[in-house]
Amino acid sequence: MVSDDLVINYRSYPHQREIHESPARIRVVAWPIRSGKDYCSVADAILRTGECHYIWRERDLSPKWHVWLVGPTYPLTMQLWRDLKHMMPRELMNGSPNESDMYIPLIDDGLIEMKSADKPERLVASGLDLIHGTECGLWKKEVWGDSLRGRLSSPGRGPYSDGRGYAMLNGTPRGQYIGMEMHWFYHLLLLGRTNDNKDYISSFYWFEDKVRFDNREHPIMSPKELREARDDKSMSERDFRQNYLGEFLPMVAGEPILERYNPIIHVSEFEFNPAH
């Protein structure tokens, strides 16, 4: 649900609009590099924050609306901060951006802040309505599981004030496993591919349909640039497939295995039939 009244300095592509329009509570996005993941996240944070201000909130919360944009480290949040200031409509702001602490005060006692995921123990003590995380493949699993996930379950928080905050998590694939343990980001992506979990939705741009996968198309980058990157001898085929095509490649103990195997493509669920 996107507000028709709020205009921001942002032009979306079809794969980005699909995420903006999704009603899922937790949207997980794994797109290749230069596909507009972070720009999409910043725009979505603004759009959904704008929607919150149309909803009456009875509880006495401070701030009344609370949004975090979270990057892997503070240096990696700088572009997010620049994009946020560039896109944020003045009618949503209640004062100037605070450059030292990287937050913007919003009308109706709202607040949107930049945070870093490099120290998960500091991402606590706040109930949140919205979390937008970027480059989540670089996060430790504790950032989401031990720190951020619980921020979304605070009484009175969430777009509908029902204690169910929303999140959008994006990242470039960083492998299916870390050692023998499934990567937490990959696990969330799998949750978003199941039809029985309506809270989650996932967007893997690279295999959404067979034609797109076979043709190695990129959502934004030109075919010529993609070919030149593929032919760059300083990059391995694995790095190209992971970074430019957005593939989650299997790894065990840090080493690639069975690179042509992907459980999302090659494994399906079937009802048990004792006759077979």
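Along each chain, the written sequence defines residue order, and numbers are assigned to residues from 1. In keeping with the predicted nature of the model, local features appear solely for residues at pLDDT of at least 70, side-chain atom pairs appear and are counted solely at 80 or more, and the whole-chain, interface and lining totals rest on all residues. Where side-chain values are given, they derive from all heavy atoms of the structure, hydrogens and water being excluded.

(A) Region of interest: the nonpolar core. Within the largest apolar cluster, 31 residues are counted, with the highest numbers of intra-cluster contacts made by I8, I46, L84, M88, I104 and I112. Those elements that provide at least two residues to this core are α2 (37-52), β2 (65-71), α3 (78-87), β3 (103-106), β4 (110-116) and β6 (166-171). Here a helix means four or more residues in a row that DSSP labels H or I, a strand means two or more in a row labelled E, and each is numbered from the N terminus. Here this core takes seven residues from α2, the largest share from any one element. Sequence-distant contacts of I104, defined by excluding residues within four places in its chain, comprise W81, L84, K85, M88, M93, P97, G110, L111 and I112. Residues belong to a common nonpolar core when they are buried Ala, Val, Leu, Ile, Met, Phe, Trp, Tyr or Cys residues joined through side-chain atoms within 4.5 Å. Think of it in three bands: residues with accessible area under 20% of the maximum for their type are buried, residues over 50% are exposed, and the middle band is partly exposed, with areas taken using a 1.4 Å probe on protein chains only. W68, L128, V143 and Y200 belong to the second-largest nonpolar core, a separate cluster that totals 24 residues. Whether two residues are in contact is decided by their heavy atoms, any of which lying within 4.5 Å being enough.

(B) Representation of the packing of aromatic side chains in the model. Ring pairs shown here join Phe, Tyr and Trp side chains whose ring centres sit within 6.5 Å, with only the six-membered ring taken for Trp; geometry is labelled stacked below 30 degrees between planes, edge-to-face above 60, and tilted in between. For the structure shown, the criterion picks out seven aromatic pairs. A centroid spacing of 6.3 Å and a plane angle of 45° characterise the contact between F185 and F248, whose relative ring orientation is tilted. With F185 in helix α5 (residues 184-191) and F248 in the loop between α8 (237-243) and β10 (251-252), this residue pair connects regions lying 63 residues apart in the sequence. The two residues F185 and F248 agree in class, both being buried. In textbook terms, an aromatic cluster arises when at least three aromatic residues are bridged by ring pairs, as seen for W139, W184, F185, Y186 and F248.

(C) Examining the environment of G165 more closely. Tracing the sequence through the fold places G165 in the loop between α4 (141-151) and β6. Judged by its relative accessible area of 0%, G165 falls in the buried class. Residues G165 and G150, spaced 15 residues apart in sequence, show a C-alpha to C-alpha distance of 9.4 Å. The residues contacting G165, other than those within four sequence positions of it, are R25, L128, D129, L152, G158 and P159.

(D) Looking closely at unusual backbone geometry. Geometrically, the link from S62 to P63 is a cis peptide bond, its omega value of -5° lying close to zero. Among the structural elements, P63 can be located in the loop between α2 and β2. Positive phi outside glycine occurs at R34, with the angle close to 60°. Phi at M102 is positive, roughly 55°, even though this residue is not glycine.

(E) Representation of the side chain of S41. Summarising the element assignment, S41 is placed in helix α2. Of the polar contacts made by the side chain of S41, one reaches the side chain of N170; its length is 2.8 Å. Excluding its chain neighbours within four sequence positions, the residues that come into contact with S41 are L69, H132, G133, T134, M168 and N170. A 3.5 Å cut-off defines polar contacts: any pair of N or O atoms within that distance qualifies, except that in protein one atom must be a possible hydrogen donor and the other a possible acceptor, and neighbouring residues in sequence count only when both atoms are side-chain atoms.

(F) View of the packing of α2 against α3. Contact geometry of α2 with α3 gives a least axis separation of 10 Å together with a crossing angle of 45°. As far as their axial angle goes, α3 and α2 are oblique. The two elements α2 and α3 cross, and the hand of that crossing is right-handed. From α2, D38, Y39, V42, A43 and I46 reach across to α3, where they touch L80, D83, L84, H86 and M87. Here the contact of α2 with α3 is built from residues that sort into seven nonpolar, one polar and two charged. Between the N-to-C directions of two axes lies an angle of 0 to 180 degrees, each axis being a line fitted to C-alpha atoms and, for a helix, fitted only over the stretch in contact. Each angle gets one of four labels, with under 35 degrees taken as roughly parallel, over 145 as roughly antiparallel, 65 to 115 as roughly perpendicular, and the rest as oblique. Should the near helix be turned anticlockwise from the far one by less than a right angle, the crossing is left-handed, and should it be turned clockwise, the crossing is right-handed. Gly is put with the polar residues, along with every residue not named as nonpolar or charged; the nonpolar set is Ala, Val, Leu, Ile, Met, Phe, Trp, Tyr, Cys and Pro, and the charged set is Asp, Glu, Lys and Arg.

(G) Representation of the environment of Y103 in the model. As for its position among the elements, Y103 is in strand β3. In this structure, the C-alpha to C-alpha distance between Y103 and V67, residues 36 residues apart in sequence, is 9.8 Å. Once residues lying within four places of it in the same chain are set aside, the contact partners of Y103 are W81, P97, N98, L111, I112 and E113.

(H) Region of interest: α2. What a helix is expected to span follows from its residue count: subtract one and scale by 1.5 Å. The end-to-end C-alpha separation of α2 is 22 Å, in line with the 22 Å expected for 16 residues at 1.5 Å each. When you tally the buried positions in α2, you get 14 out of 16 residues, the bulk of the element.

(I) Here's a closer look at the environment of W139. Along the chain, the position of W139 falls in the loop between β5 (130-133) and α4. The spacing of W139 and T73 is 66 residues in sequence and 9.2 Å in space, taken between C-alpha atoms. With sequence-adjacent residues up to four places away left out, W139 is seen in contact with V70, G71, P72, A117, G133, T134, L148, L169 and W184.

(J) The arrangement of the pattern of salt bridges in detail. One speaks of a salt bridge when a side-chain nitrogen belonging to Lys or Arg is within 4 Å of a carboxyl oxygen belonging to Asp or Glu. A complete count under the given rule lists nine salt bridges for this structure. For D44, the salt bridge identified is with R48, shortest N-O distance 3.1 Å. Placement of both D44 and R48 in helix α2 is noted, with a separation of four residues, approximately one turn of the helix. For the residue pair D44 and R48, the accessibility class agrees, reading buried in each case. In this structure, R241 and E247 form a salt bridge, with 2.9 Å as the shortest nitrogen-oxygen distance. Among the residues examined, R241 registers a relative accessible area of 4% and is labelled buried.

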